Structure formats: structure tokens, C-alpha cells
Amino acid sequence: MLHPARLMLFALVALALGTVPAHADAERAVSAAGEGRVEVAPDIAWLSFGITSRQPTVAAARDEVARGVARLIALARDHGLKDEHIATAALSVSPDFDWDPQTRERRLLGYVVSRQVTLRLGELGRLGEITEQALGLGVTEASPATFDTSRRAELESEALAAAARDARARATVIAEALGARVGAPLRLEAGGGLAVPRPMMMRAMAEADAMSGAETYQPGLIRITASVAASFELLP
């Protein structure tokens, strides 16, 4: 009977020998990362407005904010937005203090109440008009519009396919430079996202300088990107 220590030694040797082919296979691979992008004009815009009021009491500030929110909702409906495309956030309430340097104490001046209203706009031709009109209704905050496309899923697939082709093309360049060929894919990892709108071209900016108000709003293009990291068989 073999000693237990020798049995353990034989097992370790067998395990080591069994891992050699897998290690060798891993070395016969070429890896590359690919990128794909698609640019498209947006057809959805998200507008976010804030209304803030400072008053001696919470009730007075809340009522003023409520009137501003009601005016914004009425404006959105006048432009044909459905209620499901109008979102109002909960109230934010905080005390408004002042610092007295003589007494070195805080003094309560009143309360600050604010609320956000978000609009989903499907007609981008109304973007400037709605924004300009909202600013005249007591809006105290207006965030830059964010843009999207209703074809997001379709265009993300196009960008992903382009990224996969780019990864294989890059791997092929590497392999051929070494006198080899690319075989079947061994590993694929994908990623992607929706980028911010591209800036206006210089000509469009020059035209905007000659405009005023609602005519100056230009959404530009949005760029949908995807990336693929891939490993392929490296054939002789």
C-alpha cells in the first residue's frame, strides 16, 4: 500500500498535468475591444422646472408654490401634453435662518418651500416656446433639457452589432500582423449607453446669435454608443 504522502504527491502531479492543456488553449487566443456608435436626431425631450418660495409661514410658501405648479400644468396641457407626461415631485420644506453677528445666534426668517415639475415633450418644435413661456410663469429654476429617442432599443442593437464587428476587425489586424488567423469567438462582454447631445455646429450657433427667445433652442444630435470586449481563437 502506498504511503498517504505519496498518494497526495501523485494526485498533485496528475492535477498539474491535467491543467496544462487548458492553459495552452488560453494562450492560443487573441483579445480586442470594439466600439460602435449611432447618431440620431432626438424625438423626446425632458424638461425640468423648479418653483421656490420664501415666506414667513409654511402655508404661505406652499400656497405660492402650488399656484406656480398649477400654472405650469395648465401651460403643458395647453400645448397638448397628456397628464401621464407631466410629473410633479413632492414638496421640499426647510427653515430659512439668518445669522446675527451681534448676538451670535440664528434667527428664523421663515420657510423655503420648493417643488419640481418634469415634462416629457414629444414635439421638439415646441421646446423653445414651452421653455420661454414657463420662465414667465414664476419658475425659479430651469434645468437644461435632456434628450432621448423613441428608437433607443433598435439603435442600441445597431451600435452593439457595430461594436462586435469592430472587435473582430481589430482582432484580425492583430492576428494577421503575427501571421495567424482569427477563429471562433471564445468570450464576449458588452456595454453601452446613451451619450449627451452633440453641440451645435458653428453655423447653427451663428444663426442662433441672430435669433431670440424660442428660436434659439437647438437639440442637435444624440449619440448612442456600445462597446464589446472579445476573445477569439488564434489559428495558425
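Please refer to the structure placed before this passage.
Let me sum up the structure you'll find in this document. In this text, all values refer to a predicted model and were calculated from it rather than measured experimentally.

1. A closer look at the overall build of the chain
Link 1 in the chain: Across its full length, the chain holds five helices and eight strands.
Link 2 in the chain: Taking all 236 residues of the chain together, 26% fall into the buried category.
Link 3 in the chain: When contacts within the chain are restricted to residue pairs at least 6 apart in sequence, long-range pairs at least 24 apart make up 81% of them.
Link 4 in the chain: As displayed, the chain has an accessible area near 14900 Å², and 57% of this comes from carbon and sulfur atoms.

2. Examining the nonpolar core
Link 1 in the chain: The biggest cluster of nonpolar side chains holds 41 residues, and the ones touching the most others in it are Leu72 and Leu119.
Link 2 in the chain: When contributions to this core are tallied by element, the ones reaching two or more residues are strand 1 (29-40), strand 2 (44-55), helix 2 (58-78), strand 5 (105-121), helix 3 (127-135), helix 4 (152-177) and strand 8 (222-235).
Link 3 in the chain: Take this core: its biggest share by element is seven residues, from helix 2.
Link 4 in the chain: If we ignore the near neighbours within four places in the chain, the residues touching leucine 72 are Phe49, Ile51, Val117, Ala134, Leu137 and Val139.

3. Here we look at unusual backbone geometry
Link 1 in the chain: A positive phi angle, near 55°, is found at arginine 104, a position not held by glycine.
Link 2 in the chain: Following the sequence through the fold, arginine 104 ends up in the loop between strand 4 (92-100) and strand 5.
Link 3 in the chain: Taking the relative accessible area as the measure of exposure, arginine 104 reaches 61% and is therefore exposed.

4. Looking at helix 2
Link 1 in the chain: Over its 21 residues, helix 2 runs 30 Å from end to end, which matches the ideal 30 Å to within 8%, given 1.5 Å per residue.
Link 2 in the chain: The complete set of buried residues in helix 2 reads Ala61, Val65, Gly68, Val69, Leu72, Ile73, Leu75 and Ala76. Taken end-on, helix 2 shows its buried residues confined to a sector of 155°, consistent with a single buried face.
Link 3 in the chain: The elements touched by buried residues of helix 2 are strand 2, strand 3 (86-88), strand 5 and helix 3.
Link 4 in the chain: Just past helix 2, the residue glycine 80 takes up positive phi, approximately 90°.

How each quantity is defined
- Residues numbered from 1 in each chain as written.
- Predicted model: local features only at pLDDT ≥ 70, side-chain atom pairs only at ≥ 80, totals over all residues.
- Heavy atoms only, no water.
- Helix = DSSP H or I, 4+ residues; strand = E, 2+ residues; numbered from the N terminus.
- Buried < 20%, exposed > 50% of the residue type's maximum accessible area, 1.4 Å probe, protein only.
- Contact = heavy atoms within 4.5 Å.
- Areas by Shrake-Rupley, 256 points an atom, 1.4 Å probe, with all protein chains shown as cover.
- Core = buried A, V, L, I, M, F, W, Y, C linked by side-chain atoms within 4.5 Å.
- Expected span 1.5 Å × (residues − 1).
- Arc of directions from axis to C-beta.

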